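# Structural features, examined
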Amino acid sequence: MSAPRSAGHRPAAPRLDHHTLEKYENVWFGIAVIMSVLLFVTVLASFLSGTAPSLSGEGGHHITGVKNGRLDPGNFAATPFATPGLRHNADGSYEAFVIARAFQFEPAVLKVPVGQPVTIHVTSADVLHGYFIEGTNINATAIPGQVSSFTTTFRRPGTLNLVCNEYCGTGHHNMVSSVKVDVQEP
Ligand SMILES: [Cu+2]
């Protein structure tokens, strides 16, 4: 049994009667309407200004045989993905081409330079795969028909585990490979 509250110490709570609740409801409804209008205006403005997620792909590079980041997942012949691995371009930059397929990565061991920026292009030959390099924040998606590109610099030499982190089928747990960070011969 609780003692009756003394009326003198705190102001009486506002009565949550039917009219008060309707007032709150109207306020919240007004906020929801304002948010909906803002969302509509934002979507309309981005549509009219042509803002859209970048689908151009290729990480600002041009890849032979790849158009707007798209390619034929069944035929890599005309693209550098035909021979996956690291490239040392004429301008001194490094690019790597990687194919994910059930249930392996190509090349089996990707060699990358230490202390030099390298742009890695990843695609899939079949279904959706993940491209996650353990111990780093590199986490890309390998999408069939599309190239995921990113540029990174590996600071320390060593071998890192590369895993598929998108469930891709019965052999998914075996889809592990490695990235060998090493000094490159000039
Ligand atoms: Cu997988």
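Below is a summary of the structure that appears in this document. Throughout this description, residue numbers start from 1 for each chain and increase along the sequence as written. The predicted nature of this model means local features are confined to residues of pLDDT at least 70 and side-chain atom pairs, given and counted, to a pLDDT of 80 or more, with totals for whole chains, interfaces and linings taken over all residues. Neither water nor hydrogens contribute to the side-chain values; these are computed over all heavy atoms in the structure.

### Examining helix H1 (residues 18-48)
Count 3.6 residues to each turn of an α-helix, and residues three or four apart come out pointing the same way. Helix and strand assignments come from DSSP, with helices taken as H or I runs of at least 4 residues and strands as E runs of at least 2, each series counted from the N terminus. Expected span of a helix: the number of residues minus one, times 1.5 Å. An ideal rise of 1.5 Å per residue puts 45 Å on 31 residues; H1 measures up with 44 Å between its terminal C-alpha atoms. With its phi angle positive at about 75°, Gly50 sits one or two positions after the end of H1.

### With respect to the packing of aromatic side chains
Two aromatic rings from Phe, Tyr or Trp, using only the six-membered ring of Trp, form a pair when their centres are within 6.5 Å; if the ring planes differ by under 30 degrees the pair is stacked, by over 60 it is edge-to-face, and anything between is tilted. Counted under the stated rule, the structure contains four aromatic pairs. Between Phe81 and Phe97, the ring centres sit 5.2 Å apart and the planes meet at 90°, which makes this aromatic pair edge-to-face. Linking Phe81 in the loop between H1 and strand S1 (85-88) with Phe97 in strand S2 (residues 94-101), this pair joins segments that are 16 residues apart in sequence. For the pair Phe81 and Phe97, one class covers both residues: buried. Accessibility here uses a 1.4 Å probe with only protein chains present; expressed as a share of the type maximum, an area under 20% marks a residue as buried, one over 50% as exposed, and anything in between as partly exposed.

### So, the pattern of salt bridges
Any Lys or Arg side-chain nitrogen located within 4 Å of an Asp or Glu carboxyl oxygen qualifies as a salt bridge. With the rule as written, the count across this model stands at two salt bridges. Salt-bridge contacts for Asp182 lead to Lys180; the nearest nitrogen and oxygen are separated by 3.4 Å.

### Looking at the sheet that holds strand S6 (residues 129-133)
At least two bridges found by DSSP between two strands is the condition for calling them paired. The sheet built from five strands is open, its strands ordered S4-S10-S9-S6-S7 with mixed pairing. Whereas interior strands pair on both sides, the edge strands pair on one side only; in this sheet they are strand S4 (109-113) and strand S7 (139-142). Neighbour-to-neighbour, the strand axes of the sheet open up by a mean angle of 25°, direction not taken into account. Where S4 meets strand S10 (residues 176-182), five bridges bridge the pair, whose relative direction is parallel. Within S10, the position partnered with Pro113 by the bridge is Asp182. Orientation is described by axes fitted as lines to C-alpha atoms, over the contacting stretch for helices, and by angles from 0 to 180 degrees between their N-to-C directions.

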